[in-house]
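# Survey of secondary and tertiary structure
Residues per chain are reported as follows:
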Amino acid sequence: MIKVKNLKKTFGDLEVLCGINEHIKKGEVVVVIGPSGSGKSTFLRCLNLLETPTEGEIFIDDEKINDPKVNVNKIRQKMGMVFQHFNLFPHLTIHDNITLAPVLLKKMTKQQAHDKAIELLGKVGLADKADAYPAQLSGGQKQRVAIARALAMEPEIMLFDEPTSALDPEMVGEVLDVMKSLADSGMTMVVVTHEMGFAKEVGTRLLFMDQGIVMESGVPKDIFENPQNERTQKFLSKVL
Amino acid sequence: MYMVTAFSWFSDFQESFEKTFIREDRYKLFVDGILLTLKVSLLAVAIGIIIGFIIALFNLSKHFPLRLIGKVYTDVIRGTPSVTQLMIIYFVIFASVNLEKWIIAAIAFGINSGAYVSEIIRAGIMSIDKGQTEAGRSLGLNGRQTMMKIVLPQALKNIFPALCNEFIVLIKETAIVGYVGLMDIQKASDFVKSATFEAAMPLLATAVIYFVIIKILTICLGLLEKKLRKSDVK
């Protein structure tokens, strides 16, 4: 589903990604961990071209997406993105946050989008918040709305960029629960996170990134219990 | 004694009021002046917003030539007096164009206001977190849709007080249209002053008229702002 070949990204003199090769298959839940500055967020942002790769190729369903001729907006409609800081639209109600893109991009009629919004809000447990504004919600609620907003476009892939890092500890669980049920429904997911419990329990594959490359990759349980790479061992000994 | 002074003051007032407003139907000059000021201001505000918006987008553009145009425009307008601009536009640029006088004046004020509005809008757009644009783009919206539906509505709310301020300045600024021979409130009072040889009454009336117009506008804009702030409720 997603193929990444020799992906490199530099910001000025700083080389953030130094050649990443990955193949993410349909239905996989790939969890990316690693120390800060390791390039994991940049890797995720390259996947939907919020960052333009400096070098290398990214394919989604065998279509090369980092090509000037490609319609980036069409590609992005296949991928939902959830941000660390939610990025809900503060001037719109929760309902309108969710329906804005499907209606504007003519993917759905107003009625269809409305039905979809109600259905999704039910799924993330916020059916009663449709008419509220983002400022009236807690962090955990905002992030669940953000997930619903991304799902409203019916994406094939969901990207999560540290979705629980900006939350108070007691709100982390409610967001992870939503992500877990999404994974259980068979959604292809790439999750950058520091939640090792989630990685172990929900991830089908774990990538450990450091210094701009994937140092180690495999079944989460194996890596957690028996890390092969020295850097992985060091990192895990600090966070576990 | 006091009675007499008060009485003579009152009769003076009455006489000068009569001279300034009633005799020869001079109040009509003020009424026409108010209408002209309002006409010119309204059209100028509209032109100013359109130009300001375009120049703001130029200034934020990726393309250097557009940024250059925006920069030169803002520099020239801010660097020259508005009376000079008005007179150049009226007597030079539009000298041979067959347009109604007040429209030419409104264009001149609009061009002037556009430079200031553009800086306000640019600041407003830049004040919106980059994450908002990213969220819009990640949903598949293109750059224009993201700007129109996500960034601008929030930016406009933030800059609303600054824009109101600019409009108030603009209304008062139109008091210089007398320089190109248009009869606005200020010019009407000048005219009456030189006909009656009395300065206090027409000038004070002019001040009161401007004050009332702007007070009414401020109240209306205040109500509008309250409505815009609806999503801020906590």
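For the structure, see preceding data.
One structure accompanies this document, and this report is about it. None of the values given here were measured: they were computed from a predicted structure.

So, on to the sheet that holds strand S8 (residues 188-192) of chain A. Residue and element names in this part refer to chain A. Strand order in the open sheet made by the six strands is S6-S7-S8-S3-S9-S10, with mixed pairing throughout. Two strands close off the open sheet at either side, each with one partner strand: strand S6 (79-82) and strand S10 (213-218). Across this sheet, the average inter-strand angle for adjacent strands is 15 degrees, counted without regard to direction. Relative to S8, strand S7 (residues 157-161) is paired through five bridges, and the arrangement is parallel. Residue pairing for S8: Leu159 is matched across the bridge by Val190.

Now for the packing of helix H3 (residues 64-79) of chain B against helix H5 (residues 101-126) of chain B. All names here are of chain B. Put simply, H3 and H5 touch, their axes get as near as 9 Å, and they point 120 degrees apart. Comparing the axis directions of H3 and H5 gives the class oblique. Note that H3 runs across H5; the crossing there is left-handed. Here Tyr73, Thr74, Ile77 and Arg78 of H3 come into contact with H5, specifically with Ile111, Asn112, Gly114, Ala115, Tyr116, Ser118 and Glu119.

Within the structure shown, the criterion is met by 23 salt bridges over all chains. The residue B:Glu134 makes a salt bridge to A:Arg45 at a minimum N-O spacing of 2.6 Å. Residue B:Glu134 is found in helix H6 (residues 130-138), and its partner A:Arg45 is found in helix H1 (residues 40-47); the two belong to separate chains. Taken together, the shared-partner salt bridges in this structure form one network comprising A:Arg45, A:Glu51, B:Lys130 and B:Glu134.

In this section: the environment of A:Thr164. Residues and elements named next belong to chain A. Within the secondary structure, Thr164 is located in the loop between S7 and helix H6 (169-184). By relative accessible area, which is 5% here, Thr164 ends up buried. Setting aside residues up to four positions removed in sequence, Thr164 forms contacts with Val172, Val175, Leu176, Thr193 and Glu195.

Turning our attention to unusual backbone geometry. At A:Glu162, a residue that is not glycine, the phi angle is positive and equals roughly 45 degrees. Inspection of the secondary structure puts A:Glu162 in the loop between S7 and H6. Judged by relative accessible area, which is 12%, A:Glu162 ranks as buried. Its identity as a non-glycine residue notwithstanding, B:Asp25 has a phi of 55 degrees, on the positive side. With respect to the secondary-structure elements, B:Asp25 resides in the loop between helix H1 (2-22) and helix H2 (27-59). Using a relative accessible area of 36% as the deciding quantity, one classes B:Asp25 as partly exposed.

A few words now on the interface of chain A and chain B. Counting residues at the interface gives 24 residues for chain A and 21 residues for chain B. For the chain A and chain B pair, buried surface summed over both sides reaches about 2,100 Å², with 61% attributable to carbon and sulfur atoms. Between chain A and chain B we count one salt bridge in total. At the surface where chain A touches chain B, the tally comes to six residue pairs in polar contact (both at pLDDT 80 or more). Among the elements of the structure, helix H2 (72-76), S6, helix H3 (94-104) and helix H5 (139-151) of chain A are those that each provide at least two residues to the side of chain A that touches chain B. Considering each element in turn, the side of chain A that touches chain B owes the most residues, three residues, to H3(A). For the side of chain A that touches chain B, the per-class residue count stands at 15 nonpolar, six polar and three charged.

Moving on: the side chain of A:Gln141. All names here are of chain A. Among the secondary structure elements, Gln141 is positioned in helix H5. Classification of Gln141 by relative accessible area gives buried; the value is 17%. Setting aside residues no more than four positions away along its own chain, Gln141 makes contact with Leu126, Lys129 and Glu174.

Residue and element names in this part refer to chain A. What the four strands build is an open sheet, ordered S2-S1-S4-S5; its pairing is antiparallel. Pairing within the sheet leaves two strands with one partner each, and these edge strands are strand S2 (14-24) and strand S5 (63-64). Examined bridge by bridge, strand S4 (residues 55-60) and S5 share two bridges and lie antiparallel to one another. Bridging from a neighbouring strand, Phe59 pairs with Lys64 of S5. Here H1 sits on the sheet and contacts strand S1 (2-11), S2 and S4; the angle it forms with S1, its principal contact strand, is near 120 degrees.

Residue and element names in this part refer to chain A. Along the chain, Thr232 turns up in helix H9 (residues 230-239). The class for Thr232 is buried, based on a relative accessible area of 0%. When sequence neighbours within four positions are dropped, the list of residues in contact with Thr232 reads Phe208, Glu216, Ile223 and Pro227.

This next bit is on the packing of H3(A) against helix H4 (residues 110-123) of chain A. Residue and element names in this part refer to chain A. At a minimum axis distance of 9 Å, the contact between H3 and H4 shows a crossing angle of 130 degrees. Accordingly, the angle class assigned to the pair H3 and H4 is oblique. Remark: the crossing between H3 and H4 carries right-handed chirality. The residues of H4 that touch H3, namely those facing Ile94, His95, Ile98, Thr99, Pro102 and Val103, are Lys110, Ala113, His114, Ala117 and Leu121. Here the contact of H3 with H4 is composed, by residue class, of seven nonpolar, three polar and one charged.

About the thresholds
- Residues numbered from 1 in each chain as written.
- Chains lettered and ligands numbered in written order.
- Predicted model: local features only at pLDDT ≥ 70, side-chain atom pairs only at ≥ 80, totals over all residues.
- Heavy atoms only, no water.
- Pairing = 2+ DSSP bridges.
- Helix = DSSP H or I, 4+ residues; strand = E, 2+ residues; numbered from the N terminus.
- Axes fitted to C-alpha atoms, helices over the stretch in contact; angles between N-to-C directions.
- Parallel < 35°, antiparallel > 145°, perpendicular 65-115°, else oblique.
- Left-handed = near helix turned anticlockwise from the far one by under 90°.
- Contact = heavy atoms within 4.5 Å.
- Salt bridge = Lys/Arg side-chain N within 4 Å of Asp/Glu carboxyl O.
- Buried < 20%, exposed > 50% of the residue type's maximum accessible area, 1.4 Å probe, protein only.
- Buried area = accessible area lost by both parts, 1.4 Å probe.
- Polar contact = N/O pair within 3.5 Å; in protein donor to acceptor, adjacent residues only side chain to side chain.
- Nonpolar A, V, L, I, M, F, W, Y, C, P; charged D, E, K, R; others polar.

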